[in-house]
Amino acid sequence: MVSFVEPLITLRKAPRRDEKRSEDRLRLHYVVERRLADRIRAASGPEERREIFATMYDELFRLVPDHPRLLARRNAQAERDQGIEWDMGQLNRFLSPDCVFLEIGAGDCALARRVAQRAGFVHAVDIADQTRAPLPENVSLVLSDGRDVPVPPESVDVAFSDQLMEHLHPDDAMEQLRNIHRALRPGGVYVCITPNRLYGPSDISAYFDDVASGFHLREYTVRELRPILREAGFPHVRAYIGARGFFVRCPAIAIEALEWLLELLPVRVRRQVADNKLMRGLLGVRVAAVKAT
């Protein structure tokens, strides 16, 4: 059972303009999420982590009824549609009418439905069925334990995840990456979008910690993620910059040089410099890992 708030925890960052909750409500959210996340970090292995994952959001939402995701379900369909269009802005360059697409962390399959209009077939992978309506004939929901990718080997042209990597335990992340690599055809591409830790944390712990400690189990830089993808079997990793659906390829070394310079700054100064729309457009981790032909 998660207990309530320790009064000595103080805000280190001013709330965002769109954050309507009081400091006490933010602190409660932080304490609940931090303690649930600590259970994941302390778990003995993937099976215990899977058991925690199965119930942790139910417990979080029960104890934090004003959680932004609950409010978003009530009033943010337009925002969700916008997010899908922005994802399509990243994906359109990789899609073709006969390609097979794989989304990891498909959620309600809204993006999968949209991609199905451009692709030949779509595998929508998630740990639970969150769909609310029948799926198109060329979309298949595939349930996973959070690490496996149960689709035929070398059957996928384009794989994709958005805001997923940071939620995975690092051990589970590597296994999932290897399974994505196995699912891709030679020359296939995995497009991964995840927040950069240099402007983070990007979970509730942003208000209280300098390193992500909530449900973001690990945040990455491009410099950190590229070698991890290579270890998983991807010899080529391309980087992109942009925002709001417009993205262009950028030499990864240029982004890594910017990351290196930011790392030289004290943490508080770095966050002040990096946490704005311009820098997020430059630093947000958007990479395309290509399987060898």
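Refer to the structure printed above.
Now for a quick tour of the structure. All values reported here derive from a predicted model rather than from experimental measurement. (Residues numbered from 1 in each chain as written. Predicted model: local features only at pLDDT ≥ 70, side-chain atom pairs only at ≥ 80, totals over all residues. Heavy atoms only, no water.)

So, about helix α2 (residues 46-63). In a regular helix each residue adds 1.5 Å, so 18 residues correspond to 26 Å; α2 covers 25 Å between its end C-alpha atoms and thus fits that length. The sharpest bend along α2 comes to roughly 40°, located at T55. Within the sequence span of α2, burial applies to R49, I52, M56, E59, L60, F61 and L63. (Helix = DSSP H or I, 4+ residues; strand = E, 2+ residues; numbered from the N terminus. Expected span 1.5 Å × (residues − 1). Bend = angle between axes of the 7 residues up to and from the residue. Buried < 20%, exposed > 50% of the residue type's maximum accessible area, 1.4 Å probe, protein only.)

On to helix α6 (residues 170-183). Its 14 residues place the ends of α6 20 Å apart at the C-alpha level, agreeing with the 20 Å of an ideal helix rising 1.5 Å per residue. By the burial criterion, the buried members of α6 are D172, A173, M174, Q176, L177, N179, I180, H181 and A183. Those residues of α6 hidden inside the fold are in contact with α2, β1 (100-104), β4 (156-162), β5 (184-194) and α7 (222-231). (Contact = heavy atoms within 4.5 Å.)

Let us look at the sheet that holds β5. Across the sheet, which stays open at both edges, the eight strands sit in the order β3-β2-β1-β4-β5-β8-β6-β7 with mixed pairing between neighbours. Edge positions in the open sheet fall to β3 (139-143) and β7 (246-250), since each of these has one partner strand only. Each strand axis lies, on average, 20° off the axis of its neighbour in the sheet, ignoring direction. Alignment of β1 against β4, held across three bridges, turns out to be parallel. (Pairing = 2+ DSSP bridges. Axes fitted to C-alpha atoms, helices over the stretch in contact; angles between N-to-C directions.)

Tallied over the full model, the rule gives 25 salt bridges. R41 is paired through a salt bridge with D38; the nearest N and O atoms lie 3.6 Å apart. Within this pair, R41 and its partner D38 are both found in helix α1 (residues 23-42), separated by three residues, close to a single helical turn. Residue classification places R41 among the partly exposed positions, given a relative accessible area of 31%. (Salt bridge = Lys/Arg side-chain N within 4 Å of Asp/Glu carboxyl O.)

With five of six residues buried, strand β2 (residues 121-126) lies mostly within the body of the structure. Two strands pair when backbone bridges link them, and β1 and β2 are joined in this way by five bridges, in the parallel orientation. By the bridge assignment, E103 is partnered in β2 with A124. Assessed by its sense of winding, the connection that carries the chain from β1 through helix α5 (residues 110-115) to β2 is right-handed. When β2 meets β3, the two strands line up parallel, connected through five bridges. From the neighbouring strand, A124 faces β3, where its bridge partner is L141. (Right-handed = clockwise from strand over helix to strand, strands pointing away.)

A separate point is the nonpolar core. Formed by 36 residues in total, the largest nonpolar core has its most connected members in L102, M165, I180, Y190 and L229. Breaking this core down by element, the ones donating at least two residues are β1, β4, α6, β5, α7, β6 (236-243), α8 (252-263) and β8 (285-290). At five residues, α6 tops the list of elements feeding residues into this core. If you look at the next biggest cluster of nonpolar residues, it comprises 26 residues, including F94, L95, C99 and F160. (Core = buried A, V, L, I, M, F, W, Y, C linked by side-chain atoms within 4.5 Å.)

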